[in-house]
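Commentary on secondary and tertiary structure
Spelled out from the first residue to the last, the chains are:
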Amino acid sequence: MAEIAGNEFAGNESADIVIVGGGPVGSALALVLRDSGLRIVLLEARAAGGGDARPLALSYGSRLILERLGVWPALAATATPIRNIHVSQRGGFGRVDLAASEAGFSELGYVVDYGRVAHSLAQAAAATSASCLTGARVTATHSDDPARVNFEYEGEQRELTAALVVLADGGAAGESITEVIDYQQCAVTARVVSERPHNNTAYERFTAQGPLALLPDSKNSGDKEAELEGRGWALVWTTTPEHARQLCAMAPGVFLTELRAAFGGRAGDFTAVSGRVAYPLHRRRAQAAADHIVLIGNAAQTLHPVAGQGFNLGLRDAWELGEQITGQSTDALGSGAWLSAYQSRRRLDRGAGIGFTHALVELFSNDLLPLRIFRGTGLALLGCMPPLKNFLVRRMTFGPRG
Ligand SMILES: Cc1cc2nc3c(=O)[nH]c(=O)nc-3n(C[C@H](O)[C@H](O)[C@H](O)COP(=O)(O)OP(=O)(O)OC[C@H]3O[C@@H](n4cnc5c(N)ncnc54)[C@H](O)[C@@H]3O)c2cc1C
């Protein structure tokens, strides 16, 4: 088989590493490896990235990684900082306020849209020596030594071999999925405009149907005046699938009335809504696939968006995998022992992210009175314990290294 030279791609070849999926996590890995000297091929099924405007809350820790990858300056222009987070429950007492200044940060996080993050990372990855192919759909992976990847590209069936295949396909292949929980919920995302400025405060409000997040987003509402005055928001409204379908179909005025009823008056009256999309929600978890194959990002774990952790965790997967690849001899790359070392390295961060997110869904998506009281007490206690609040903020910002 011919080997790949630089950015060119001739046909059936071999590489050191094949990355399956050029979403934000796969592209980030290609960037982490840009100075590794390894032959890297990234295969992305879509002809062109972007298109998905779901809002992403990036942690401050993710910003630091994106800075090191050189993509933060382009993203910063479209990102809205989060400086305060207010957590409450509908129909119950107890609330928590988290402030960047209390935790010792200038910002707690940033609101950006998925399409922009994916596009910036993909563009930067394409400018490295990796061969980044779009319109290349992987149809099978084989755990041989070396591993084999079959894919369709330019109307032909192709095959690549590699010491390591990284599955970053968002879970599309369903490879090694060991556990699936259908939350029986959908997240409706939208951009809304309100009367009052957001003052860089994000709200998380727990309702009986599911959590409702209202994130400051000055850059994407499409209403220039509202953006200048900081009255644009990104909404992530988790609810039942039937209610989500209705929320997407109803007239804008009716939608805004429902939002007012669910969220309350903290942002003033809502005056406009655009771009409503519904996403079904599952939790999926996979184990190490097999020798010479590793999973990262949503392929390894797909989380409920309640705590805004999915991409932040996936970015740390990519960063740590890149560090292990560049920090060790590549002789054993992809072997069973090498993969076990990577799984151990990621175990704590992944376990905490999955467990914390799932516990929030379980605890807050229930309207039983004793649970409401328990939640209210928990929120009130948390509000009175600055060290515990700061621990939570640092964990959500940096993972276990926080
Ligand atoms: C409503 C909602 C809100 C969210 N909010 C947040 C948030 O606030 N903060 C946060 O951190 N996370 C959030 N997330 C989670 C976040 O979107 C995901 O964790 C993140 O997109 C995972 O990135 P990924 O690259 O692993 O997978 P994906 O984004 O799914 O990308 C996978 C890529 O692989 C490609 N692909 C698939 N199959 C193939 C194939 N066979 N061959 C080649 N390529 C293939 C796809 O085309 C795609 O480009 C949210 C998710 C949802 C649904």
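Residues numbered from 1 in each chain as written. Predicted model: local features only at pLDDT ≥ 70, side-chain atom pairs only at ≥ 80, totals over all residues. Heavy atoms only, no water.

1. Here we look at the site of the ligand
Near the ligand you find 31 residues, and of these Glu44, Arg54, Ala57, Tyr114 and Asn298 are the closest. Ala57 places a main-chain nitrogen or oxygen 2.7 Å from an oxygen atom of the ligand. Gly310 has a polar backbone atom sitting 3.5 Å from an oxygen atom of the ligand. Looking at the shell around the ligand, the elements that each hand over two or more residues are helix 1 (24–32), strand 3 (40–44), strand 4 (55–59), strand 10 (137–142), strand 13 (177–194) and helix 9 (310–327). Of the residues in the shell around the ligand, the class split is 16 nonpolar, 10 polar and five charged. (Near = heavy atom within 4 Å. Polar contact = N/O pair within 3.5 Å; in protein donor to acceptor, adjacent residues only side chain to side chain. Helix = DSSP H or I, 4+ residues; strand = E, 2+ residues; numbered from the N terminus. Nonpolar A, V, L, I, M, F, W, Y, C, P; charged D, E, K, R; others polar.)

2. Some details on the state of the cysteines
Under the defined criterion, the tally for this structure stands at zero disulfides. Take Cys186: it sits in no disulfide, and the sulfur closest to it among the cysteines is that of Cys248, at 8.4 Å. The exposure class of Cys186 is buried, given its relative accessible area of 11%. (Disulfide = S-S within 2.5 Å. Buried < 20%, exposed > 50% of the residue type's maximum accessible area, 1.4 Å probe, protein only.)

3. Some words on helix 9
Along its 18 residues, helix 9 runs 26 Å from first to last C-alpha, staying within 8% of the 26 Å computed at 1.5 Å per residue. Buried residues dominate helix 9, accounting for 15 of its 18 residues. (Expected span 1.5 Å × (residues − 1).)

4. A short note on unusual backbone geometry
Backbone torsion omega between Asp145 and Pro146 reads 0°, so that peptide bond is classified as cis. In this model, Asn199 sits at a positive phi of 50°, which is unusual for a non-glycine residue. Given a relative accessible area of 56%, Asn199 falls into the exposed group. Look at His292: it is not a glycine, yet its phi comes out positive at around 70°. With respect to the helices and strands, His292 occurs in the loop between strand 17 (270–286) and strand 18 (293–295). Among the residues examined, His292 registers a relative accessible area of 8% and is labelled buried.

5. What to know about the confidence of the model for the chain
Mean pLDDT for the chain: 86, with 84% of residues reaching 70 or above. Looking over the chain, one finds the lowest element-wise mean pLDDT in strand 1 (residues 2–3), namely 40, and the highest in helix 1, namely 98. (pLDDT = per-residue confidence, 0-100.)

6. Notes on the packing of aromatic side chains
Any aromatic ring pair is given by two values, namely how distant the centres are and how the planes are angled relative to each other. Under the counting rule described, the total for this entry stands at six aromatic pairs. With a centroid separation of 5.9 Å and an interplanar angle of 45°, the aromatic rings of Tyr203 and Trp233 are classed as tilted. Taken together, the residues span a long stretch of sequence, with Tyr203 in strand 14 (residues 201–206) and Trp233 in strand 16 (residues 232–239) at a distance of 30 residues. Take Tyr203 and Trp233: they sit in the same class, and that class is buried. Measuring from ring centre to ring centre gives 5.7 Å for Trp237 and Phe255, while their planes differ by 65°; the resulting arrangement is edge-to-face. In this pair, Trp237 sits in strand 16 while Phe255 sits in helix 8 (residues 252–263), placing the two residues 18 residues apart along the sequence. Overall, Trp237 belongs to the buried group, its relative accessible area being 3%. (Phe/Tyr/Trp six-rings, centres within 6.5 Å; stacked < 30°, edge-to-face > 60°.)

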